[in-house]
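# Inside the fold
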Amino acid sequence: MGLRGTMGINERGHLEIGGCDVVDLAARFGTPLYVFDEELIREQCRTYQGAFARHYPKGRTIYAGKAFLTIAMCRLIAEEGLYLDVVSGGELYTALAAGFPKERIYFHGNNKSREELVMALQAGIGCIVVDNCFELAVLDRLCEQLSCQVDILLRVTPGVEAHTHTYIQTGQLDSKFGFPLAQGIAREAVRKALEARNLNLRGLHCHIGSQIFDLESFGVTVAILFHFLDEIRDELGWTAEELNLGGGLGIKYNRDDSPVSPEEYIAYLARVVRENAGRSRLDLPLIGVEPGRSIVGEAGTTLYRVGAIKDLPGIRKYITVDGGMGDNPRVALYQAAYEAMVANKANRNKTQLVSVAGKCCESGDMLIWDLETPHVVPGDLLAVLCTGAYTYSMASNYNRLPRPAAVFAYRGSADLVVRRETYEMLIANDVLPPRLQGLEVRSVEQA
Ligand SMILES: Cc1ncc(COP(=O)(O)O)c(C=O)c1O
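In what follows, the accompanying structure is described. (Residues numbered from 1 in each chain as written. Predicted model: local features only at pLDDT ≥ 70, side-chain atom pairs only at ≥ 80, totals over all residues.)

Moving on to the nonpolar core. Membership of the largest hydrophobic core comes to 131 residues, with the highest contact counts inside it found for V22, L154 and V407. When residues are assigned to domains, this core turns out to be shared by domain 1 (8-37 + 297-416) and domain 2 (38-293), each giving three or more. The residues contacting V407, other than those within four sequence positions of it, are L25, F29, L33, V35, F36, A414, D415, L416 and V417. (Core = buried A, V, L, I, M, F, W, Y, C linked by C-beta atoms within 7 Å. Buried ≥ 20, exposed ≤ 12 C-beta atoms within 10 Å, placed from the backbone. Domains from an automatic or database assignment. Contact = placed C-beta atoms within 7 Å.)

Here it is as structure tokens:
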């Protein structure tokens, strides 16, 4: 079992995170509960920052807020000196409400609305990552109207798609994101951006995939980007001050995963950027990376209370928990595989194979297939590991299940960072049209 960060097993045989016994956390905050190991999040931030300081001082770690964003998370990221990538008005609003330094915010998205762009310009955020020609024109016009200028990057698609151990060079045009480098499309976008009177084109952005273990895919991408920059310098006389290489570094969800450390990743990027810049005789650009999962993924654990247990002899034993695809849609969406442990029996021998089912009305609402556990009874506490990224941020109220609370556990104390939703919150936005207000509810016989 891959215990991570500050996780340990205490003398009561219970799982501990951040010096807190999770059995006590479940009793205090209820279940399901997202527990974040604050020390581990900070450690990941510092590993990135330290790696840049050692290997490429002109580097920026830009936390991808889509992985997990709350006001407390924004504060933590700000304290650690990171930049922040937001992709919607809602994420931007959260960052601004947290007092996140606006000049350290990058705004992404392939269909930013006019209102979102105005919000970003009025807030004076650091940089907008422009995805398409429509946005380029709208943004320039909005700057004109608001009498402001803004720094931009152009998102390009280098034709490399990477996931886990493999990558493919597709040269693909077929992506909803960015300007393809192929067919002169990105070149034309650079030309247009340089002509725009209110936009300051600082550089390029790309993101090639997620849960990547294979550094070579980044190397190939860097080489393709420099090849493009080389051409563009000759054609348009423009060179990029900044190259943002997106996120995507993989993490260890389970024993089959063999991720590369952020230190190795940054050292590798530093080397390939230097080599390519030297070969193209280009000045070293500022390099940005946008890790989400690798900052917060392993730091998160979800606690569930075990309820119904159903043993189908010769087929399978299901243990059902009080959450599921509502608080973690990744299994249903991507067949994501997680490890888990019975947190109140963390020292006991594993004697059986079970599958962990969620409580939603979907057969696909399974959290784990084939998990080895000790004997489990209703009321036990199941801890699913490595759930920090893309769980709370993708959670839904399917079946009108309230979304869980989240806590940061740190050096022996735990603090709420997201309140548990209540039933009142679930109906807070429901509206009764006037024609339904006066109706008496009739019995079936009357109807
Ligand atoms: C543009 C961009 N940057 C960064 C990320 C973060 O990726 P990860 O959480 O895999 O590091 C994503 C994820 O989809 C993304 O689309």
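Next up on the list: the environment of W238. Mapped onto the fold, W238 is located in the loop between helix 8 (215-236) and strand 15 (242-244). For W238, a count of 14 C-beta atoms within 10 Å translates into the label partly exposed. In this structure, the C-alpha to C-alpha distance between W238 and L201, residues 37 residues apart in sequence, is 9.4 Å. Excluding anything up to four places from it in sequence, W238 contacts V190, L194, I232 and R233. (Helix = DSSP H or I, 4+ residues; strand = E, 2+ residues; numbered from the N terminus.)

Another aspect to go through is the sheet that holds strand 1 (residues 8-9). The antiparallel open sheet is built from 3 strands, whose spatial order is 1-2-3. Sheet topology places strand 1 and strand 3 (20-21) at the edges, where each strand pairs with a single neighbour. Both strand 2 (residues 15-17) and strand 3 contribute to a ladder of 2 bridges, which runs antiparallel. Across the sheet, residue E16 finds its bridge partner in strand 3, namely D21. (Pairing = 2+ DSSP bridges.)

Attention now moves to the environment of N254. Following the sequence through the fold, N254 ends up in the loop between strand 15 and helix 9 (262-280). Taking C-alpha positions, N254 is 15 Å from Y334, a pair spaced 80 residues apart along the chain. Setting aside residues up to four positions removed in sequence, N254 forms contacts with A337, Y338 and E339.

At the junction of T31 and P32, the peptide bond is cis and its omega measures out at -10 degrees in the coordinates. Mapping P32 onto the fold places it in the loop between helix 1 (22-29) and strand 4 (33-37). One non-glycine residue, S147, adopts positive backbone phi at about 50 degrees. Along the chain, S147 turns up in the loop between helix 6 (133-146) and strand 9 (150-157). Taking the C-beta count within 10 Å as the criterion, S147 has 7 such neighbours and is therefore assigned exposed. Even without glycine at this site, R400 takes up a positive phi of about 55 degrees. Along the chain, R400 turns up in the loop between strand 22 (381-385) and strand 23 (405-410). Given 10 C-beta atoms within a 10 Å radius, R400 is considered exposed.

For the rest of this paragraph, the subject is the pairing of strand 23. By the criterion of burial, strand 23 is predominantly enclosed, with 6 of the 6 residues buried. Here strand 23 shows two buried faces, one formed by A405, V407 and A409 and the other by A406, F408 and Y410. In this sheet, strand 23 lies alongside strand 4 in parallel orientation, the contact comprising 5 bridges. Bridging across to strand 23, L33 finds its partner in A405. Summarising the sheet, strand 23 and strand 24 (residues 413-418) pair through 5 bridges and their orientation is antiparallel. From the neighbouring strand, V407 faces strand 24, where its bridge partner is L416. What sits between the antiparallel neighbours strand 23 and strand 24 is a turn of 2 residues, in which R411 has the positive phi angle 50 degrees.

What follows covers the packing of helix 5 (residues 114-123) against helix 6. A packed helix pair is summarised by two numbers, namely the angle formed by the two axes and the spacing between the axes. Remark: helix 5 packs on helix 6, axes separated minimally by 10 Å, with the N-to-C direction vectors making an angle of 50 degrees. Between helix 5 and helix 6, the angle is such that the two are oblique. For the pair helix 5 and helix 6, the crossing hand works out as right-handed. Side by side, helix 5 and helix 6 meet where R114, L117, V118 and L121 of the first sit next to V138, L139, L142, C143 and L146 of the second. Taken together, the residues of the contact of helix 5 with helix 6 break down into 8 nonpolar, no polar and 1 charged. (Axes fitted to C-alpha atoms, helices over the stretch in contact; angles between N-to-C directions. Parallel < 35°, antiparallel > 145°, perpendicular 65-115°, else oblique. Left-handed = near helix turned anticlockwise from the far one by under 90°. Nonpolar A, V, L, I, M, F, W, Y, C, P; charged D, E, K, R; others polar.)

Relative to each other, helix 2 (residues 38-55) and helix 9 sit at 30 degrees, their axes nearing to 9 Å. In terms of orientation, helix 2 and helix 9 fall into the roughly parallel class. Of the two possible hands of crossing, helix 2 and helix 9 adopt the one that is right-handed. Taking contact as the criterion, the partners of Q44, T47, Y48, A51, F52 and H55 in helix 2 are, on helix 9, P262, E263, I266, A267 and A270.

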